[in-house]
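Survey of secondary and tertiary structure
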Amino acid sequence: MCEQALLAEAKQGQTEAFGALCKPFARKLVQSAQRITRNREDAEDALQDAFLSAFIHIKNFDGRSSFSTWLTRIAINSALMTLRKKRRSREILIASSESSADGVVWEVPGSSANPEKLYAQREEERILRQAVRELRPTIRQAVEVRLQELSMEETATMLDVSLAAAKGRLFHGRRALRVALTLKTNHRVQKRSYARREGRGAYV
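All of the points below concern the structure found in this document. (Residues numbered from 1 in each chain as written. Predicted model: local features only at pLDDT ≥ 70, side-chain atom pairs only at ≥ 80, totals over all residues. Heavy atoms only, no water.)

Some details on the side chain of Glu154
Summarising the element assignment, Glu154 is placed in helix H8 (residues 152-159). Within polar-contact distance, the side chain of Glu154 engages the side chain of Arg35 at 2.4 Å. Apart from residues no more than four positions distant in its own chain, Glu154 is found in contact with Ser32, Arg35 and Ile76. (Helix = DSSP H or I, 4+ residues; strand = E, 2+ residues; numbered from the N terminus. Polar contact = N/O pair within 3.5 Å; in protein donor to acceptor, adjacent residues only side chain to side chain. Contact = heavy atoms within 4.5 Å.)

Take a look at the structure:
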């Protein structure tokens, strides 16, 4: 049975037709999900959620993109949501384990942690996040998706644009970030230099 006929039956709620539609893409989809979750079990769970979501919303599939592209977008979204939920759960667990009986949270630094190095790393991450937020919305979206370590093809699928358009947005995003990071880093260095001179009583 051709894809269009299977689609028509799946939109009528036929689970067998929907299964036949999804089966050819299952292996590739779980691989894409695993690249995001870094865990086979989480990837398979994400894919099951994606299939359920796709089945529920297949009536809304309008054919503007291919079925495989539409399904891939849902699977990647599902994997990203699985990853976010896992990160949130880990943060809650850490917060709970570090809380004392009176509700005070104690931060225990690692034995090998270098405070100055950690501060510099956090400052760089803060500058990067701020620079990403300041990008034009379409460029920011491309960069944020790419930061999830998706392939270029998956990035294009998530953005619902051509591969060439996705590459173009990322090119402009990287260039804008380089400029922003250079300016912000230079500004930070100048402020520190001025603060040190001021502390010694030297004025320029």
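Next, the rest of the story.
Observations concerning the packing of aromatic side chains
Evaluated as defined, the whole model comprises 5 aromatic pairs. A ring pair is formed by Phe18 and Phe55, whose centres lie 5.2 Å apart and whose planes are at 65°; its orientation type is edge-to-face. With Phe18 in helix H2 (residues 15-22) and Phe55 in helix H4 (residues 40-57), this residue pair connects regions lying 37 residues apart in the sequence. Since its relative accessible area comes to 8%, Phe18 is described here as buried. Owing to a relative accessible area of 26%, Phe55 belongs among the partly exposed residues under this scheme. Ring geometry for Phe61 versus Trp70: centroids 5.2 Å apart, planes at 50°, classification tilted. Of the two residues examined, Phe61 and Trp70, each falls in the buried class. Linked through ring pairs, Phe25, Phe61, Phe67 and Trp70 together constitute an aromatic cluster. (Phe/Tyr/Trp six-rings, centres within 6.5 Å; stacked < 30°, edge-to-face > 60°. Buried < 20%, exposed > 50% of the residue type's maximum accessible area, 1.4 Å probe, protein only.)

So, the packing of helix H1 (residues 3-11) against H2
Describing two packed helices takes the angle between their axes plus the distance from one axis to the other. Put simply, H1 and H2 touch, their axes get as near as 7 Å, and they point 140° apart. Taken together, the axes of H1 and H2 are oblique relative to one another. Crossing of H1 over H2 shows left-handed handedness. Residue-level contacts link Glu3, Leu6, Leu7, Glu9 and Ala10 of H1 to Ala17, Phe18, Ala20 and Leu21 of H2. Of the residues belonging to the contact of H1 with H2, the class tally is 7 nonpolar, no polar and 2 charged. (Axes fitted to C-alpha atoms, helices over the stretch in contact; angles between N-to-C directions. Parallel < 35°, antiparallel > 145°, perpendicular 65-115°, else oblique. Left-handed = near helix turned anticlockwise from the far one by under 90°. Nonpolar A, V, L, I, M, F, W, Y, C, P; charged D, E, K, R; others polar.)

A few points about the packing of H2 against H4
Close contact between H2 and H4 brings their axes to 11 Å; oriented N to C, the two are set at 125°. The angle between H2 and H4 places the two elements in the oblique class. Classified by chirality, the crossing of H4 by H2 is right-handed. Counted together, Thr15, Phe18 and Cys22 of H2 and Phe51, Ala54 and Phe55 of H4 form the full contact between these two elements. Looking at the contact of H2 with H4 residue by residue, the class counts come to 5 nonpolar, 1 polar and no charged.

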